[in-house]
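What follows is each chain in one-letter form.
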Amino acid sequence: MYRTHTNGELRASNSNEKVTLSGWVQKTRNKGFMIWVDLRDRYGITQLIFDEERTSKEVMAIASKLGREFVIQVNGTVIVRESKNVNIPTGDIEILVSEVTILNESLTPPFTIENETDGGEDLRMKYRYLDIRRKPVRENLIFRHKVTMAVRNYLSEKGFVEIETPYLIKSTPEGARDFVVPSRMNAGQFYALPQSPQTFKQLLMVGGMDKYFQIVKCFRDEDLRADRQPEFTQIDCEMAFVEQEDILQTFECLTRHLLKEINGAEVAEFPRMTYDEAMKKYGNDKPDIRFGMEFGELNEVAQHKEFNVFNQAELVVGIAVPGGNVYTRKDIDNLIDWVKRPQIGALGMVYCRCNEDGSYKSSVDKFYDEQDLAKWASVTGAKAGDLICVLSGNTSKVRAQLSALRMEFAERLGLRKATEFAPLWVVDFPLLEWDEETQRYHAMHHPFTSPKPGQLALLATDPGAVKANAYDLVLNGNEIGGGSIRIHDKKTQALMFDYLGFTPEEAKAQFGFLMDAFQYGAPPHGGIAFGLDRLVAILGGQETIRDFIAFPKNNSGRDVMIDAPAPIDEAQLKELSLQLNLKS
Ligand code: ASP
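Structural notes, computed from the coordinates. (Residues numbered from 1 in each chain as written. Predicted model: local features only at pLDDT ≥ 70, side-chain atom pairs only at ≥ 80, totals over all residues. Heavy atoms only, no water.)

**Quick word on the overall build of the chain**
Convention followed: Secondary structure counts use DSSP, requiring at least four H or I residues in a row for a helix and at least two E residues in a row for a strand, with both numbered from the N terminus. Three labels apply to residues, based on accessible area from a 1.4 Å probe with only protein chains included: buried if under 20% of the type maximum, exposed if over 50%, partly exposed otherwise in between. In this analysis, two residues are considered to be in contact whenever any of their non-hydrogen atoms come within 4.5 Å of each other. For the accessible areas, the method is Shrake-Rupley and the probe is 1.4 Å, while residue cover comes only from the protein chains on display. Neither His nor the chain ends is counted toward charge; the positive residues are Lys and Arg and the negative residues Asp and Glu. To locate a charge, the coordinates of NZ of Lys, CZ of Arg, CG of Asp or CD of Glu are taken.
In terms of helices and strands, the chain carries 17 helices and 22 strands. Projected onto the principal axes, the alpha-carbon positions of the chain cover approximately 90 × 75 × 55 Å. Out of the 584 residues in the chain, the part that is buried amounts to 48%. In the chain, of all internal contacts separated by at least 6 residues, the share reaching a separation of at least 24 is 66%. As presented, the chain carries roughly 29,400 Å² of accessible surface, and 50% of it is formed by carbon and sulfur atoms. Both charge centroids of the chain, one from 70 positive and one from 84 negative side chains, sit 3 Å from each other.

The structure is reproduced here in structure tokens:
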């Protein structure tokens, strides 16, 4: 037997017991006549003591050779420590070792494997298996397991069945590129890895499995953004015989259950907001509502003077920064530089100080008097001591810019508290979204989303105005889930593909199987998928999803530990009937 106890288990009440422990040597302290070793495993750290007077010479000799991360097994007796370590649960005891076996030696690890490490991000990624030995990383993985189990148990209890769907499929468009896998047996043909199990879960509904879920890997070949993983995990769900309200209720309950179970947080009924309202008030379809700073649209109170920048703008919009009047001129200049950075892209920023004495001082005093500025304050909800920041220009651009500025202020003012949870349903998304690049409408969610009842006809006249039966669940400014009620009849689905620019032949080639299935009694259905990685990170009070993934890819989509992606050899290429044609 390798061990009678784990390294997190023994207490003073175990004193005098003979025990066997196994684990990794985290640290040794060698005073010659006495050697201490911190022995670590998944459960904790137990101190071992080797003492010249009580331990045999042979064992002392082995103990003096132990290096960091050696794997050892010891037999010994639990004794109560003279100087206790209050920082660890086993700190009252130590093991007086009588026998030691080196199970495996270790090279000196490239960084210290302790709570605080000297290893940089890249190094820790390369040796991720060593990083996982560190408590913070280990605990995040265990935390993820807890969340996953809570989800599984809850959904299973509510009658959902977990069903696996294939990974080698044909493309499912969800707005990203597919990862493709060449088929050896079908030369020149390719599978795609699923961007989500969307069509399969819909087919399960046609198959009568009226409550489905799956904790499932999805693959999207997207351009790289910070903290995006090319493969990520979804809690994917679908239900038949449901309306939007049923889905919102069911998954609000799941989310509330998780917040309670995992975080001990009681959250009242989730507020709901339409997409249009979210864009107007926060410039963003996933607003963080833990704090205010709602947008105030100022066109009416700012476009009546000679200030052409505002007069020519489609939208003039501002926020009141609480207590922002303390910013110095220099601080504000820095903020202006901040919004002018290419990532934000504003052309400039107008500001107005709300002084404690009730007076106003703006950067455009030439054009606006106190009365005008008082109106700005009223529209943005600014109080004495605040700073009003105003941007102007093209509506969608300026909303995105001001939204970024709002989040930046929230960060600086410490308004994004990790322990506070503010969920929000955003509903009534547009069905379609105009894409400047291709000069075409795209499905905002995906092409299987149904328009709101009665809006189908609008598709022909004003496609951008059609609203969908689609909803997102937002938590603390992050989209943690999204879904829709689906189209479930062939005619509407065919119409949808037509509006999205598919020829009937293309639609049939790509989605014939789904439309065929719709002809055999497809029930009304809808669903949602949660991004598990992000959900876990938020519940864990952190922002980076990578910290909750055992073997994540870096920001360039590489696994630096196994060095993937990597070339394959000629023979393999040949077998796959592939030829590389790389341009240097
Ligand atoms: N398949 C969708 C997604 O991955 C979720 C859904 O509509 O249920 O975003």
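Having seen the structure, we can now continue with the description.
**Quick word on the pattern of salt bridges**
Formally: Salt bridge, as used here: a side-chain nitrogen of Lys or Arg that lies within 4 Å of a carboxyl oxygen of Asp or Glu.
Enumeration according to the criterion identifies 35 salt bridges in this entry. Note that Asp 223 and Arg 177 form a salt bridge whose closest N and O atoms lie 3.9 Å from each other. Taken as a pair, Asp 223 in the loop between β9 (211–219) and β10 (231–240) and Arg 177 in the loop between β6 (161–162) and β7 (180–182) lie far apart in primary sequence, 46 residues in all. For Arg 177, a relative accessible area of 53% puts it in the exposed group. Linked through salt bridges whose partners overlap, the residues forming this network are Glu 121, Arg 124, Arg 128, Asp 131, Arg 134 and Arg 546.

**Considerations on the nonpolar core**
Applicable threshold: Buried residues of nine kinds, namely Ala, Val, Leu, Ile, Met, Phe, Trp, Tyr and Cys, make up a nonpolar core once their side-chain atoms join them within 4.5 Å.
Ranked by size, the top nonpolar core spans 42 residues in total, and within it Leu 155, Phe 251, Trp 425 and Leu 539 carry the most contacts. Looking at this core, the element that brings in the most residues is helix α6 (residues 244–263), giving seven residues. Aside from chain neighbours lying at most four places away, what touches Leu 155 is Phe 160, Phe 213, Ile 235, Cys 237, Phe 251 and Leu 254. If you look at the next biggest cluster of nonpolar residues, it comprises 28 residues, including Tyr 282, Leu 431, Val 474 and Ala 522.

**As for the sheet that holds strand β15 (residues 360–362)**
Strands pair in a sheet through their backbones, by hydrogen bonds, and they do so in one of two ways: parallel or antiparallel. Inclusion rule: Strand pairing is assigned whenever DSSP identifies at least 2 bridges connecting the two strands.
Taken in spatial order, the five strands of this open sheet run β12-β13-β16-β14-β15, and their pairing is antiparallel. The open sheet is flanked by β12 (296–297) and β15, the only strands paired with a single partner. Bridge analysis of strand β13 (residues 315–321) against strand β16 (residues 387–393) gives seven bridges, and the strand direction is antiparallel. If you follow Ala 320 over to β16, its bridge partner there is Ile 388.

**With respect to the site of the ligand**
The cut-off we apply is this: Working definition: residue near molecule or strand if any one of its non-hydrogen atoms lies within 4 Å of it. As used in this structure description, the phrase polar contact means that two N or O atoms lie within 3.5 Å; if the pair is within protein, one of them must be able to donate a hydrogen and the other to accept it, and residues adjacent in sequence are counted only when both atoms belong to side chains. Each residue is assigned to one of three groups, with Ala, Val, Leu, Ile, Met, Phe, Trp, Tyr, Cys and Pro labelled nonpolar, Asp, Glu, Lys and Arg labelled charged, and all others, Gly among them, labelled polar.
In the neighbourhood of the ligand, 14 residues make up the surrounding shell, with Gln 198, Lys 201, Gln 234, His 446 and Arg 486 lying closest. In the environment of the ligand, a nitrogen atom lies 2.7 Å from a nitrogen or oxygen atom belonging to the side chain of Gln 198. Take His 446: an N or O atom from its side chain is 2.9 Å from an oxygen atom of the ligand. Sorting the residues of the shell around the ligand by element identifies α5 (198–206), β21 (478–485) and β22 (525–531) as the ones contributing at least two each. A breakdown of the residues in the shell around the ligand according to their chemical character gives two nonpolar, eight polar and four charged.

**Concerning a nonpolar patch on the surface**
Just so we agree on the cut-off: Two distance rules govern patches: like charges are joined within 9 Å, and nonpolar side chains (Val, Leu, Ile, Met, Phe, Trp, Tyr) within 5 Å, applied only to residues with over 30% relative accessible area and no salt bridge.
A cluster of nonpolar side chains, namely Tyr 167, Leu 168 and Tyr 191, defines an oily patch on the protein surface of about 270 Å² accessible area. Along the polypeptide, Tyr 191 turns up in strand β8 (residues 190–192). Judged by relative accessible area, which is 32%, Tyr 191 ranks as partly exposed.

**Examining the sheet that holds β9**
Put simply, the test is: Whenever a helix is involved, its axis is fitted only over the stretch in contact; in every case the axis is a line through C-alpha atoms, and angles between N-to-C directions fall within 0 to 180 degrees.
One open sheet holds the eight strands; their spatial order is β6-β9-β10-β22-β21-β20-β17-β11, and the pairing between them is mixed. The open sheet terminates on both sides in strands that have one partner only, identified here as β6 and β11 (272–274). Sheet topology places β6 next to β9; two bridges connect them, and they run parallel. Within β9, the residue paired with Glu 162 across the bridge is Phe 213. Lying on the sheet, α5 is in contact with β9, β10 and β22; it crosses β10 at an angle near 25 degrees. Helix-sheet contacts for α6 involve β10, β11, β17 (423–427), β20 (470–475), β21 and β22, and the interaxial angle to β22 is about 30 degrees.

**Considerations on the pairing of strand β3 (residues 44–51)**
When you tally the buried positions in β3, you get seven out of eight residues, the bulk of the element. In the sheet, strand β2 (residues 34–41) pairs with β3 via eight bridges, with the strands oriented antiparallel. Paired with Asp 41 across the two strands is Gly 44, which belongs to β3. As consecutive antiparallel partners, β2 and β3 are separated by two residues. Relative to strand β5 (residues 93–104), β3 is paired through two bridges, and the arrangement is parallel. Among the inter-strand pairings, Ile 49 is bridged to a residue of β5, identified as Leu 96.

**Considerations on the pairing of β10**
Among the 10 residues of β10, nine are classified as buried, and the element is accordingly described as predominantly covered. Alignment of β10 against β22, held across seven bridges, turns out to be antiparallel. Across the sheet, Met 239 pairs through a bridge with Gly 526, a residue of β22.

**Considering the environment of Val 59**
Structurally, the position occupied by Val 59 is in helix α1 (residues 57–65). Using a relative accessible area of 7% as the deciding quantity, one classes Val 59 as buried. Beyond its immediate stretch of four places on either side in the chain, Val 59 contacts Phe 50, Val 97, Ser 98, Glu 99 and Val 100.

**Some thoughts on helix α11 (residues 370–380)**
Test applied: What the arc describes is the spread of directions from the helix axis to the C-beta atoms.
Listed as buried for α11 are Asp 372, Leu 373, Trp 376, Ala 377 and Thr 380. Buried positions in α11, seen along its axis, are confined to an arc of 145 degrees and lie on one side of it. Structural note: α11 exposes Gln 371 and Ser 378 on the side pointing more than 90 degrees away from its buried face. Two residues or fewer after α11 comes Gly 381, characterised by a positive phi angle close to 75 degrees.

**Examining the packing of aromatic side chains**
We apply this condition: Here a pair means two rings of Phe, Tyr or Trp (six-membered ring of Trp) with centres within 6.5 Å. Their orientation is stacked below 30 degrees between planes, edge-to-face above 60, and tilted elsewhere. When the NZ atom of lysine or the CZ atom of arginine is within 6 Å of a ring's centre and also within 35 degrees of its normal, the charge is said to sit over that ring.
What the rule picks out here adds up to 21 aromatic pairs. Consider the rings of Phe 310 and Tyr 368, whose centres lie 6.2 Å apart with planes at 40 degrees: the pair is tilted. Here Phe 310, found in helix α9 (residues 308–311), pairs with Tyr 368, found in the loop between β15 and α11; they are 58 residues apart in sequence, far enough to count as distant. Across this residue pair, the class does not change: Phe 310 and Tyr 368 are buried. One aromatic cluster in this structure is built from Phe 307, Phe 310, Phe 367, Tyr 368 and Trp 376. Of note, Arg 29 hangs over the ring of Trp 36, and the distance from its end group to the ring centre comes to 4.6 Å.

**As for the side chain of Thr 492**
Among the structural elements, Thr 492 can be located in helix α14 (residues 490–499). Once residues lying within four places of it in the same chain are set aside, the contact partners of Thr 492 are Leu 456 and Ile 487.

**So, helix α16 (residues 532–539)**
Of all eight residues that make up α16, seven are buried, and the element is covered over most of its length. Taken together, the buried positions of α16 are Leu 532, Asp 533, Leu 535, Val 536, Ala 537, Ile 538 and Leu 539. Looking one or two residues beyond α16, the residue adopting positive phi is Gly 541, at roughly 75 degrees.

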